[in-house]
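Structural overview for review
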Amino acid sequence: RTPEQTMKRWLHPAVFATWTGFLIYILASQRYVAFLRPEFGILLALAHFIAMGFMLAAMIRPKAAEIDTSTILRSIVLLVPILYYAAMPDAMLGNQAFKKRFIGTNNGAIGRQSPSILSPQGSENNPDIASPPKETEGAQQETPQERTILDIFLNPNLYKGQRVIVTGMILHDEQLKPHFGGRDTAVYRFLINCCAADALPLAIALDSDQAGAFSHDQWVRVDGIFDLQQIGGKPVPMVSKPQIKPVEAPAVPYLF
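First, a word on what this report is: a plain description of the structure on this page. This is a predicted model, so every value here is computed, not measured.

Next up on the list: the overall build of the chain. Along its length, the chain carries eight helices and five strands. Listed N to C, the secondary structure of the chain is α-α-α-α-α-α-α-α-β-β-β-β-β in terms of helices and strands. When burial is assessed residue by residue, the chain has 39% of its 256 residues classed as buried. By element, 58% of the accessible surface of the chain is carried by carbon and sulfur atoms, the whole surface being about 14,400 Å².

The residue proline 235 is located in strand S5 (residues 234-246) in this model. According to the relative accessible area criterion, proline 235 is buried, its value standing at 15%. Along the sequence, proline 235 and phenylalanine 180 sit 55 residues apart, while their C-alpha atoms lie 9.2 Å from each other.

A few words on the pairing of strand S3 (residues 200-207). Taken across its eight residues, S3 has six buried, putting it largely inside the fold. Pairing of strand S2 (residues 185-191) with S3, which is carried by six bridges, proceeds in the antiparallel orientation. Residue pairing in the sheet places leucine 191 in a bridge with leucine 200 of S3.

Quick look at the pattern of salt bridges now. Going through the model one piece at a time under the given rule, you end up with six salt bridges. Here aspartate 173 and lysine 99 are joined by a salt bridge, their closest N and O atoms 3.1 Å apart. Separated by 74 residues along the polypeptide, aspartate 173 in the loop between strand S1 (163-172) and S2 and lysine 99 in helix H4 (residues 95-101) bring together distant segments of the chain. The class for aspartate 173 is buried, based on a relative accessible area of 13%. Residue glutamate 146 is joined to arginine 221 by a salt bridge in which the shortest nitrogen-to-oxygen separation is 3.8 Å. A residue pair is termed long-range when its members are at least 10 positions apart, and glutamate 146 in the loop between helix H6 (120-125) and helix H7 (149-154) and arginine 221 in strand S4 (residues 219-231) qualify at 75 residues. Among the residues examined, glutamate 146 registers a relative accessible area of 37% and is labelled partly exposed.

All told, the structure shown has zero disulfides when counted by the stated rule. Unpaired in this structure, cysteine 194 has its nearest cysteine sulfur neighbour in cysteine 195, at a distance of 4.2 Å. When its relative accessible area of 31% is taken as the criterion, cysteine 194 is described as partly exposed.

The end-to-end C-alpha distance of helix H2 (residues 41-60), which contains 20 residues, comes to 28 Å, matching closely the 28 Å that a straight helix rising 1.5 Å per residue would cover. Within the sequence span of H2, burial applies to Gly41, Leu44, His48, Ala51, Met55 and Ala58. Axial view of H2: buried residues confined to an arc of 95°, hence all on one face. Opposite the buried face of H2, at more than 90 degrees from it, the exposed residues are Ile42, Leu43, Phe49 and Ile60.

All right, on to the side chain of asparagine 155 then. Relative to the helices and strands, asparagine 155 is located in the loop between H7 and helix H8 (156-159). A relative accessible area of 4% means that asparagine 155 is categorised as buried. Within polar-contact distance, the side chain of asparagine 155 engages the backbone oxygen of aspartate 151 at 3.1 Å.

Under the counting rule described, the total for this entry stands at eight aromatic pairs. When the ring of phenylalanine 22 is compared with that of tyrosine 85, the centres are 5.2 Å apart and the planes differ by 70°; the resulting orientation is edge-to-face. Of the two residues, phenylalanine 22 is situated in helix H1 (residues 3-29) and tyrosine 85 in helix H3 (residues 69-87); the sequence distance between them amounts to 63 residues. Using a relative accessible area of 13% as the deciding quantity, one classes tyrosine 85 as buried.

The residue aspartate 217 is not glycine, and still its phi comes out positive at about 65°. Despite not being glycine, lysine 241 shows a phi value in the positive range, around 50°. Examined against the element boundaries, lysine 241 turns out to sit in strand S5. Owing to a relative accessible area of 72%, lysine 241 belongs among the exposed residues under this scheme.

What counts, and where the lines are drawn
- Residues numbered from 1 in each chain as written.
- Predicted model: local features only at pLDDT ≥ 70, side-chain atom pairs only at ≥ 80, totals over all residues.
- Heavy atoms only, no water.
- Helix = DSSP H or I, 4+ residues; strand = E, 2+ residues; numbered from the N terminus.
- Buried < 20%, exposed > 50% of the residue type's maximum accessible area, 1.4 Å probe, protein only.
- Areas by Shrake-Rupley, 256 points an atom, 1.4 Å probe, with all protein chains shown as cover.
- Pairing = 2+ DSSP bridges.
- Salt bridge = Lys/Arg side-chain N within 4 Å of Asp/Glu carboxyl O.
- Disulfide = S-S within 2.5 Å.
- Expected span 1.5 Å × (residues − 1).
- Arc of directions from axis to C-beta.
- Polar contact = N/O pair within 3.5 Å; in protein donor to acceptor, adjacent residues only side chain to side chain.
- Phe/Tyr/Trp six-rings, centres within 6.5 Å; stacked < 30°, edge-to-face > 60°.

As far as function goes, none of this settles anything; it's purely spatial.
This is how it looks when you write it as C-alpha cells:
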C-alpha cells in the first residue's frame, strides 16, 4: 500500500485510538482532578468506552477517507482538546489565579450552611457533615480533628475560639491587607463547583510572623485558634498563634 492508502485506511481509527488512550491516561493517573470534580470520572470512563467503540467500528468496517484539506482539519479539530491539554503547564491553580479571583471574605461562602448543619441531630443523621469540635472540661481540645477550610467557612460560629487544623497553600501579599484587617498572609484553597473555570479561593488570615518563612503556594498544615472578627462590617476568618508546618500537596488539591 502507498502512504496515502494507509492514511485513508487508518485515519479515523487513529483519531479515536488517540482519544481512547488519552482518556485512559487521565483516568488512571487521576490527572483530571486538576480541572474537574472527581465525580466527573464516571463520565470520562463512559467517554472512553464510546471512543473505543468508534475505534473498533472504524477498524472492523473501515471507511476510506478522502485525504484533503478539510478532512485533515476535521481530524485536527477533534484532537484540539488533547493538544491543548498537552500544552498546559503541569501545575494547579495558585497565587496568580487567587489574585484574579479573590473577591474578599464576604463572598457568600461564610455561614452558607443548611439547618441540618446547625442541628446536632442533623449531623448525627448525616456522617458527611462535619461535627463541631469538642472541648474537654472547658479546655481546648488537645487533638482536634483536621478540618477543611470549607468546613470552617460553612460553620464559623461552631469553630470560633476553638483550636483548628487546616491544610492549604500559603500566600503573602499586600493586597490582602484591606480584606484581613492589615494582615498580609493567608492560607487558602480553591472551591470548585463544576470545574477549574469556576474555582473560587477560600482564604483564612494568619496572625503570625512565622508564616514569612514559607514561600508562595507552599502547602502547609496550620494548627491554631480560629476566630471570626468583624472588620469594616465584613466577617474576617482568622487563625491566631498558629503552628505552621510544610506538607505534601494532597492528591486532590481542590475543595468541592
